[in-house]
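Spelled out, the chains give:
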Amino acid sequence: MQLYIVERIKDFHNRERLKVHYDPSLSTWQILTNILEETRQMGKAGPVAQHLVGAKLEIRFPHITIQNESFSTADAPTDRAGDFIVGDTVFHITISPMSGVYEKSRLNIQNGFRVYLLVPDNKLAAARQLATEVCNGKIAVESIESFVSQNIEELGRFNKLATQNQFAQLLRTYNKRVNDIEIDKSLLFELPHSLIIE
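Calculation criteria
- Residues numbered from 1 in each chain as written.
- Predicted model: local features only at pLDDT ≥ 70, side-chain atom pairs only at ≥ 80, totals over all residues.
- Heavy atoms only, no water.
- Helix = DSSP H or I, 4+ residues; strand = E, 2+ residues; numbered from the N terminus.
- Rg over C-alpha atoms; globule rule 2.2 N^0.38 Å.
- Buried < 20%, exposed > 50% of the residue type's maximum accessible area, 1.4 Å probe, protein only.
- Contact = heavy atoms within 4.5 Å.
- Areas by Shrake-Rupley, 256 points an atom, 1.4 Å probe, with all protein chains shown as cover.
- Axes fitted to C-alpha atoms, helices over the stretch in contact; angles between N-to-C directions.
- Parallel < 35°, antiparallel > 145°, perpendicular 65-115°, else oblique.
- Left-handed = near helix turned anticlockwise from the far one by under 90°.
- Pairing = 2+ DSSP bridges.
- Expected span 1.5 Å × (residues − 1).

In this section: the overall build of the chain. Scanning the chain from N- to C-terminus turns up 8 helices and 6 strands. Element order for the chain, N to C, with α for helix and β for strand: α-β-α-α-α-β-β-α-β-α-β-α-α-β. In summary, the chain has a C-alpha radius of gyration of 18 Å against a globular reference of 16 Å for 198 residues, a match within 12%. For the C-alpha atoms alone, the extent of the chain along its principal axes is close to 50 × 50 × 35 Å. Here the chain, with 198 residues, has 45% of them falling under the buried criterion. In the chain, the proportion of contacts linking residues at least 24 apart, taken out of those at least 6 apart, comes to 63%. Per element, the accessible surface of the chain, about 10,800 Å² overall, is 53% carbon and sulfur.

If you want it as structure tokens, here you go:
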């Protein structure tokens, strides 16, 4: 029985990694949009979005420790203000913005934080409207795709090869963060050959 359980655990940890279809002719924004859509269909978009933003923040601010929590770690029991805190800004990342995230944002603002709410691009207009109704201009609402892709493009100096290298760095950093904290290793990305630098 123990051997059977051990084998099932191995199967779980050895599940196939997420595939990235990297096409350098597409914008970084579009590649990220494709990733979020593919992982949404697999039921994994939430953790993927959170860890992509965490990886982006880690790359952008190498001298700041960016917290790394499992996707299943809820804010309330751990007393977390949000998914990430950088300076006096709290970041909330959500695939499906519901009323709870706006209430949490309002509390964060009352506690002196600035708030970023990051949502998929196709939820952006509705999320901005709700944020305006709840906190009238006090919540910065951006798309996950734009928030991550703009930094990758900037760090790549808007150069095709350098941006490609930055995208590879994003996925490597993402994989490290996921591997360090998540039990489900099927959240790891398989780096496409076009992004592997010899």
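That was the structure; now back to the text.
Let us look at the packing of helix α2 (residues 28-41) against helix α7 (residues 144-155). Their axes nearest at 8 Å, the elements α2 and α7 cross at an angle of 140°. By the criterion of interaxial angle, the relationship of α2 to α7 is oblique. Of the two elements, α2 crosses α7, and the hand of that crossing is right-handed. Contacts from Thr28, Trp29, Leu32, Thr33 and Leu36 in α2 reach Ile144, Glu145, Ser146, Val148, Ser149, Ile152 and Glu153 in α7.

Read across the open sheet, the 4 strands follow the order β2-β3-β4-β5; overall the sheet is mixed. Of all strands in the sheet, those with a lone pairing partner are β2 (84-86) and β5 (139-143), marking the two edges. The mean inter-strand angle of the sheet, taken between neighbouring strand axes irrespective of direction, is 25°. Sheet topology places strand β4 (residues 114-119) next to β5; 5 bridges connect them, and they run parallel. From the neighbouring strand, Leu117 faces β5, where its bridge partner is Val141.

What follows concerns helix α3 (residues 45-60). Between its first and last C-alpha, α3 extends 22 Å over 16 residues, near the 22 Å set by a 1.5 Å rise per residue. The element α3 is extensively covered by neighbouring structure, given that 14 of its 16 residues are classed as buried.

Despite not being glycine, Arg157 shows a phi value in the positive range, around 55°. Within the fold, Arg157 resides in the loop between α7 and α8 (160-181). On the basis of relative accessible area, Arg157 is assigned to the exposed category, the value being 62%. Located in the positive-phi region is Phe158, a residue other than glycine, with phi close to 55°. Along the chain, the position of Phe158 falls in the loop between α7 and α8.

Purely geometric stuff here, so don't read any function into it on its own.
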